[in-house]
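# Geometric and topological summary
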Amino acid sequence: MNARAARNRKVMFRLGLVGVGMFAFGFAMVPLYGLLCEVGGINGVAGNAGGRIADTSGMRVDNGRLITVQFDSTVNANLPWEFHPMTRQMQVHPGELATVNYYVKNNTSRAITGQAVPGITPWQVTKDFRKLECFCFTQQTLQAQEAREMPVRFVIDPAVSPEYGVVTLSYTFMNTEQVSQN
């Protein structure tokens with residue numbers, strides 16, 4: 001019986017260590033996720049997402065190159081909005097300030113608040129894609145049947161690698177009311 005009790009204690013100790021390890025891993029996930037998003041450019045965290053204004057001082061326009069910027073949009077299934085870029089693509093010189101407008105309309109009979117989540121591909125360009133003004137910096141509340149045009153002002157750093165000749169800026173609009181209810 002002593003050998004069995006010793007084995008049980010050993011198993012319980014190991015299970016306790018696993019539980020502590022799981023707790024520590026879960027606790028560390030928040031800063032690790034933030035670091036992963038910043039390094040990988042996921043969810044627009046790298047660069048100037050979250051409302052930080054991009055610093056373009058000292059940036060010179062590189063008139064010797066053009067980058068094609070494509071614009072994309074998606075609306076989450078839980079958000080009854082119409083949302084699309086008013087320009088599907090444009091060519092910009094690195095260092096050149098550009099503006100594109102997105103159209104959004106609330107197709108319901110009540111006010112709804114949404115949040116746009118940006119994404120940039122290829123992800124390696126995220127650190128060089130700088131937004132000066134963006135509807136993604138804050139939540140957007142649209143009244144019943146309200147429609148509006150929302151600008152995105154951006155510049156691509158001239159330091160961007162020449163291998164990236166096409167960049168896609170994509171937004172997904174999410175219903176923040178649905179997120180907060182879950």
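I will try to describe carefully the structure that is included in this document. (Residues numbered from 1 in each chain as written. Predicted model: local features only at pLDDT ≥ 70, side-chain atom pairs only at ≥ 80, totals over all residues. Heavy atoms only, no water.)

### Re the nonpolar core
- With 32 residues, the main nonpolar core has Tyr102, Phe135, Val152, Phe154, Tyr171 and Phe173 as its most contacted residues.
- Contributions of two or more residues to this core are made by β1 (67-75), β2 (81-85), β3 (89-92), β4 (98-106), β5 (112-121), β8 (147-156) and β9 (166-175). (Core = buried A, V, L, I, M, F, W, Y, C linked by side-chain atoms within 4.5 Å. Buried < 20%, exposed > 50% of the residue type's maximum accessible area, 1.4 Å probe, protein only. Helix = DSSP H or I, 4+ residues; strand = E, 2+ residues; numbered from the N terminus.)

### A look at the sheet that holds β4
- Taken together, four strands build an open sheet; the order of strands is β2-β4-β8-β6 and the sheet is antiparallel. Where the open sheet ends on each side, the last strands, each with one partner, are β2 and β6 (129-133). Direction aside, neighbouring strands of the sheet carry axes that sit 30° apart on average.
- Pairing between β4 and β8: eight bridges, direction antiparallel. When the bridges of β8 are listed, Tyr103 appears paired with Glu149. (Pairing = 2+ DSSP bridges. Axes fitted to C-alpha atoms, helices over the stretch in contact; angles between N-to-C directions.)

### So, unusual backbone geometry
- A cis geometry characterises the amide bond from Thr121 onward to Pro122, with omega recorded as -5°.
- As for its placement among the helices and strands, Pro122 is situated in the loop between β5 and β6.
- Of note in the backbone geometry, Gln145 takes a positive phi value of approximately 60° without being a glycine.
- Tracing the chain through its elements places Gln145 in the loop between β7 (140-142) and β8.
- The exposure class assigned to Gln145 is partly exposed, which follows from its relative accessible area of 43%.

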